[in-house]
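Examination of the molecular architecture
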Amino acid sequence: MTTDTSYDGPILEIDKLSISFFTRLREIPAVMDFSAKIMPGEALGVVGESGCGKSTVALGVMQDLGVNGRIVGGSIKFKGREMNTMTPEELRDIRGSQIAMIYQEPMASLNPAMRIGKQLAEVPMIHEGISESEAMKRALEVVTDVKLPDPARILKSFPHQLSGGQQQRIVIAMALMSKPSLLILDEPTTALDVTVEAAVVELVKDLGKKYGTSMLFISHNLGLVLETCDRICVMYSGEAVERGSIEDVFDEMQHPYTQALFRSIPLPGADKNARPLIAIPGNFPLPHERPSGCNFGPRCDYFEAGRCDAQVIPMEKVTGNDRHESRCLRFSEIDWNAPPQVAETKEKAPPGQVVLKMDNLKKYYEVAANALFGGGGEKKVVKANETLSFEARESETLAIVGESGCGKSTFAKVLMGLETATEGEILLDNKSIGNIPIEQRDTKTVADVQMVFQNPFDTLNPSMTVGRQIMRALEIFKVGNNDAERRQRMLELLDLVKLPRAFADRMPRQLSGGQKQRVGIARAFAGDARIVVADEPVSALDVSVQAAVTDLLMEIQREHKTTLLFISHDLSIVRYLSDRVMVMYLGHVVELGTTDQVFAPPYHPYTEALLSAVPIADTSVKKKHIVLEGDIPSAMNPPTGCPFQTRCRWKDQVAGGLCEKEVPVTRTLAEGHQVKCHLTDAQMAEMEPVIEIAAE
Amino acid sequence: MGLFILRRVGVMLLTALCLTFIVFWLTNLYPNLEKLAKTQGNFRMSDEAVTSYLTNRGYQQALPVKYGQWLGVLPGYVIEGSDGEVRSRCEEGKTFCGVIQGDWGFSTVFKDNVSTIVSTRLGATGKLMFWVMMVMVPGALLIGVLAGMREGSGTDRTLSTASIVSTATPEYVSGVILIAVLGTKVIIDWDTIPFKGSATSAIDDANFENFFLPVITIALYGMGYIARMTRASMTEVMTAQYIRTARLKGVSFPKIVIRHALRNALIAPFTVIMLQFPWLLNGVVIVETLFNYKGFGWTLVEAARNNDIELLLGVSIVSVFVVLVTQLISDIGYVFLNPRIRIS
Ligand SMILES: Nc1ncnc2c1ncn2[C@@H]1O[C@H](COP(=O)(O)OP(=O)(O)OP(=O)(O)O)[C@@H](O)[C@H]1O
Ligand code: SF4
Ligand code: SF4
Ligand SMILES: [Mg+2]
C-alpha cells in the first residue's frame, strides 16, 4: 500500500493547471496555466508574493479546494496517475500516505482536543491498518526523529502544551508518519522565530534526504528556497513566470519580475551603497483586474507597448540551461548584466547630538501564577527588560534585534509611556520621562516620541477616512489653528509618505497593506516626531512593498533628522539601514555596537547564531550553519547565569561552568562595542565570520 | 480545582440567600398574609381578628427576624397569644427550627410536611426530566451534528428549519396539538388511541403509553435550541484547519466527524444543555399541569393558587438550588471537555 518502488518517472507532474474560485460576483482565476515537474528526491520551491496563488496550487494537488474552488483545466499526475479523475476513496488512500502536507500555522493544524500521540498514530492506522500499540511505537520513533525532547511525554500532551516550534515539529512528524513520497510544505516557518525557523528547515532538509522524499516547498522567502530546494518556480499573479534550477534562476535570471524581486530584498552580504534596494513600482493586480497581455506589464521596466500587452505570453525555454523557462517576450533581448538604474544616492546626515539616553532601565512585570482562577497563588516576576543602557543620537538609526519574547516591544512601550519603568531612567533631551505615563506627558513630549506599528491592519480606525485620522493626530498634537490649516498639513503629510492626495478621502479598507503602513508613518510624523520607534514596520508586508516602505522611512529620516529606533528580527534589513545595532535576548542586551562591529567577528555567541539563521538569497554567500538546540526559554523562569546558556555552543569553553552560575557583566571590546559574555578576548578573537562572500 | 469549586459554591449560597429572601418578602406581603389568615381561620374574620391571628402566629414580627427564623439562624418565636395560648414555632425542646435544621414547615393545602411533599414531587419531576433528557440530548446532538456536518446541504436546511419550528412552538401549543393528534380521535380516527392524554398514572407506573406525550412535548421545545447551537458549533469546527489536516491525512469523512470534530463541536452545546435545566423547569410547570402529572411544577402551581406560603418557599428554594447546581456542573464539565482550560 505504501511507496511503490518500481516507479521511477516524475513524482509529480503538473501540466497547464488552471484553478478558479467561484464567488457570487465572478469567477476568480487564481492559478492559470501552471506547469511543474518534481523528480524523485527533488525539492521544488515555489515563491511569489501573497495572493499569487501558491497555496492554491498546493491545495489543487491535494484536490482539496473547498466548496467554491475548482480545477478548470490541465492535469496533475502523481506517479503517472491522473489525480483530477480519482475517486474520493483513491484520493483518501494517497493523502497522508503518499502525499503529505504541512501548513503555515502549526497550532491551527493540530486538533486541540486530541492528544499528540493519537493524532500521529492515526496516520499509519488508517493507511497500513496496523494496531494502535504498533502505531504508537512508530509515533515515538518519528517524534525522536524530529528531535523533540522527551518524546514519551510529548505523545501524551495536548497541542496547547507545546511551544510553536515544537508544534511545527509535530506537524512535520505527522507528515512523515507514513513515509510519503511527496511532501508539500506551505510556508512552514513563517510563524516561527528565525533561529527556530533555521532549525526546522534544517530538520526538513535532513529528513527529506533520509527518507528520499520529494518536496514542494512554498515560501515567499527567496533565501529559504535557496537553502532548501534544487529547483525553483517564481509565480506572479497566478502564473509561473520563471522556472529552473536554483543556480540558473538566482544567477542568470531571465524574467524582469524575478530580477525586480531580487533587487528589492536586502542581502546581508552586499554593500548598501553599491546595491541599494529598488522597490517594484505599482501594486500587485487582483485576479479579476489583471491587464491584458503580460500580467507584469504595468510594473515592468522593459515593457514595450503594442507587444507586451497585445498577446498571451507563453512560457519559453531558455536555451543552454537545463529545464529553464521564462514567460517573457523580451528575455533574449534584455541585457541581464546591466547594472540597475539607481536614483542618485543622497548622503545621510551624520549623527548629531544625543537626544535619547537610557540609563539602567529595568521593567519587571508581576503576573499571577494561575491567571485563570486568580486571587490567591503566588506572584511571579517576569523580567522583561534587564538593565538597558544606551544612547541614541539625532538622525541615527538604532536597530534593536532579537526573537519573540526578548523584550523589544516592552522596551518600546516604556519609551512611549504606555508602561512605566520599574527602575532606571529614560532621558529625552536630559529630561527624565521614564516614569511619566503617557497621559501625564506634555503634548510636546508625546509628539516627539512616536511609533509605527507592526501590523498596519489593526492600527487604523476602519470607519474613518484616512485624511480624518491624520487630522485627528494633528489635533492631538495641537498642530494648526483650525481645520483648514490642519487639512493643508495633512495633505503635505500625504505627499511626504508619497501617497496621492486623493487618498485623504479613502477608507482604510480601500488601501493595500503597504499604503496603510504609509498612513501609519504619516500619522507618526504628524507632530514632527523626533524619535520614531518602528516596531517591525515591514514584516507584515510583501517583499516588493517592504523595500518601498523602508526607503520611505530612511528618506523621511534624512529630511527630518529623526532618530529611528528600528525593531526587527530581520538582520538583512537591519544591516541595510541601521547605524548601530543592539541585540537582545531574554530582556538582556547581549551585544551593542555599530553595524559593522556587530556583523563581523568577534560576535556574541547569540548574534553569531542569529546571523547564521538568516536565510540569504545569494548563491555567492557561504554561511556557517549553527543550529540552536531547543526553544527560547520562557521569560517566566529564565535560566540561571547567562540567559543564553541553555542554547550556547561556546559554553564549554568557559571554565568552571561560570556561564550557569553568573550573569556575565557587560564589557567593552572596542570603542562603542560591548558584549555580555564570559568568553575571554582571546577566545572571541578566534571567531570566524559567519557570512562570507565566495571569491568570484 | 478545589478552590474553584469552593468559590462557586460560595457564590451559589449567596445567590440562594438573596433569591429566597425576595420570595420570602413577596409571600409575606400583608395581603397574602391576610388571605392566609382568612383561609385558615374563617372567611368572615374582622380586621382585628386577622391581626391577632397573625400576631399570635408570629407573622407580625419584623421581616428579617421572620426570615432568620425560617432559615433557622434565629431562635423560633414563642408567643403568648391574646387568647392566652402559648404558641411556638418549634416543637418542644428545640430553639432553632428552620430550613437549615430540616424544618421546612407544613403545607396548608396538602396537610403534610413541606419537606416530604417537595422530595416526593421532586422525585416525580426528576423521573420526567430524566426521560426528557434521554430523548432530547441525543436527539438534539444528532440533529445538530448531521446538519452542521455539511453546511448548506439539503439535510442541513431541512433539519435547521425543523429545529427552528420546534423551538418557536411553546409547550402549551405543542402539548395541545400532540394530545389532539396522538391522544384523541379528534384529528385521526385511531382504532386504538396510541397515547394517553393524561399522565397522572405515570407517577407510579410510567410506561410508553402514558408518559410519551409529556416527555416529547418538553423535549421538542428544548431540542431545537440545542440542535441549533450544536449545528453552529459543528459548522465552525468543520472549517477549522485541523479538520483539513485530518482530511489530508486520509481520514474518511465519518471518522473525521466522529473522532476529530465531535468533541470540539460539543464544547459549546454542553453548556447550553446544562443551562437548559432551569429553563426546562418552566416547561415542566406547564406540561405537568397540562397532563395532570403530579410533579414539582404541578405542586408549585397548587401552592401558588392556594397561597400555601411554606410550600411555596420550599419549592422556590429547591428551584434556586437546582438552577445553581446545574450551572456548577456545567462549568466543571466545560473544563473537562476543553483541555485548554484544564486546571493544572
Ligand atoms: N476560497 C476562495 N474563494 C475565493 N478566492 C480565493 C479563495 N482562496 C483563494 N482565493 C484567491 O485566490 C488567489 C490566490 O490565493 P492563494 O491563497 O493561493 O495565494 P498565496 O500565494 O498562497 O498567498 P499567501 O502568500 O498570502 O499565502 C488570491 O487572489 C485569493 O484571494
Ligand atoms: S513580456 Fe514584456 S512586460 Fe512582460 S515581463 Fe517581459 S518585457 Fe516585461
Ligand atoms: S556567557 Fe557563556 S553561555 Fe553566555 S553567551 Fe557567553 S559563552 Fe555562551
Ligand atoms: Mg498561502
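Bear in mind that the values here come from a model prediction, so they are computed numbers and not experimental data.

Looking only at helices and strands, one finds 23 helices and 26 strands in chain A. Against the compact-globule benchmark of 26 Å for 696 residues, chain A has a radius of gyration of 27 Å, which places it among compact chains. Structurally, chain A occupies a C-alpha span of about 75 × 70 × 55 Å along its principal axes. Going through the 696 residues of chain A one by one, you find that 48% of them count as buried. Taking contacts inside chain A between residues at least 6 apart in sequence as the whole, the part at least 24 apart equals 68%.

Quick look at the packing of helix H8 (residues 194-211) of chain A against helix H21 (residues 605-613) of chain A now. To describe two helices that pack against each other, one gives the angle between their axes and the distance between the axes. All names here are of chain A. Packing of H8 against H21 leaves a shortest axis separation of 8 Å and a crossing angle of 55°. In terms of their interaxial angle, H8 and H21 are classed as oblique. In this structure, the crossing between H8 and H21 has a hand that is left-handed. Between H8 and H21, the residues in contact are Val194, Thr195, Glu197 and Ala198 and Ala609, Leu610 and Ala613, respectively. Counted by class, the contact of H8 with H21 contains five nonpolar, one polar and one charged residues.

The next point concerns the sheet that holds strand S1 (residues 12-22) of chain A. All names here are of chain A. Reading across the sheet, the four strands line up as S2-S1-S4-S5 and stay open at both edges, with antiparallel pairing between neighbours. The sheet is open, and its two edges are formed by strand S2 (27-38) and strand S5 (81-82), each paired on a single side. Against the sheet, helix H1 (residues 54-62) makes contact with S1, S2 and strand S4 (69-78), and its axis sits at roughly 70° relative to S2, the strand it touches most.

Another aspect to go through is helix H17 (residues 513-524) of chain A. Because an α-helix packs 3.6 residues into every turn, residues spaced three or four apart end up facing the same way. Residue and element names in this part refer to chain A. Between its first and last C-alpha atoms H17 spans 17 Å; for twelve residues at 1.5 Å apiece the expected length is 16 Å, and the two agree. Among the twelve residues in H17, eleven count as buried, and that is most of the element. Looking only at H17, the buried set comprises Gly514, Gln515, Lys516, Gln517, Arg518, Val519, Gly520, Ile521, Ala522, Arg523 and Ala524. Tucked into the core, H17 has its buried residues touching strand S18 (449-452), helix H14 (456-459), helix H15 (466-476), helix H16 (483-496), strand S19 (531-535) and helix H18 (543-560).

For chain B, per-residue confidence averages 83 on the pLDDT scale, and residues scoring 70 or more make up 95% of the total. At the level of individual helices and strands, chain B shows its lowest average pLDDT in helix H12 (residues 309-337) of chain B, which scores 78, and its highest in helix H6 (residues 154-168) of chain B, which scores 90.

With that settled, consider the nonpolar core. By size, the foremost hydrophobic cluster in this structure holds 198 residues, and its most contacted members are Leu44(A), Ala173(A), Ile184(A), Leu216(A), Leu565(A) and Val583(A). With sequence-adjacent residues up to four places away left out, Leu216(A) is seen in contact with Ile38(A), Leu44(A), Val46(A), Ala58(A), Leu182(A) and Ile184(A). Within the second largest apolar cluster, 66 residues are counted, among which are Tyr59(B), Phe291(B), Tyr293(B) and Leu313(B).

With that settled, consider the site of ligand 2. The environment of ligand 2 is made up of Pro256(A), Cys294(A), Phe296(A), Gly297(A), Cys300(A), Tyr302(A), Phe303(A), Cys308(A), Ile313(A), Cys328(A), Leu329(A) and Arg330(A). Its residues assigned to classes, the shell around ligand 2 shows ten nonpolar, one polar and one charged.

The rules behind these values
- Numbers given to residues run from 1 along each chain, matching the order in which its sequence is written.
- The lettering of chains begins at A and the numbering of ligands begins at 1, in the order of writing.
- The model is predicted, so local features are restricted to residues of pLDDT at least 70 and side-chain atom pairs to those at 80 or more, both for listing and for counting; the totals for chains, interfaces and linings are taken over all residues.
- Strands are runs of DSSP state E lasting at least two residues, helices are runs of H or I lasting at least four, and both sets are numbered from the N terminus onward.
- It is over C-alpha atoms that the radius of gyration is taken, and the globule rule equals 2.2 Å times the number of residues to the power 0.38.
- Our exposure labels follow a C-beta count within 10 Å of each residue's own C-beta, placed from the backbone: buried means 20 or more other C-beta atoms, exposed means 12 or fewer, and partly exposed covers the counts in between.
- Any two residues are considered in contact once their C-beta atoms, placed from the backbone, lie within 7 Å.
- Axis angles are defined between N-to-C directions and span 0 to 180 degrees, where every axis is a line fitted to C-alpha atoms and, for a helix, only to the segment in contact.
- Angle categories are assigned with fixed cut-offs, so that under 35 degrees is roughly parallel, over 145 is roughly antiparallel, 65 to 115 is roughly perpendicular, and the rest are oblique.
- Here a crossing is called left-handed whenever its near helix is offset anticlockwise from the far helix by less than a right angle, and right-handed whenever the offset is clockwise.
- For this classification, Asp, Glu, Lys and Arg are treated as charged, while Ala, Val, Leu, Ile, Met, Phe, Trp, Tyr, Cys and Pro are nonpolar and the rest, including Gly, are polar.
- Think of it this way: DSSP has to see at least two bridges between two strands before they count as a pair.
- Take the residue count of a helix, subtract one, and multiply by 1.5 Å to get its expected span.
- What pLDDT expresses is the predictor's confidence in each residue, scored from 0 to 100.
- By our criterion, buried Ala, Val, Leu, Ile, Met, Phe, Trp, Tyr and Cys residues that link up through C-beta atoms within 7 Å make up a nonpolar core.
- Each residue receives a C-beta atom placed from its backbone. It is near a molecule or strand if this atom lies within 6 Å of it.

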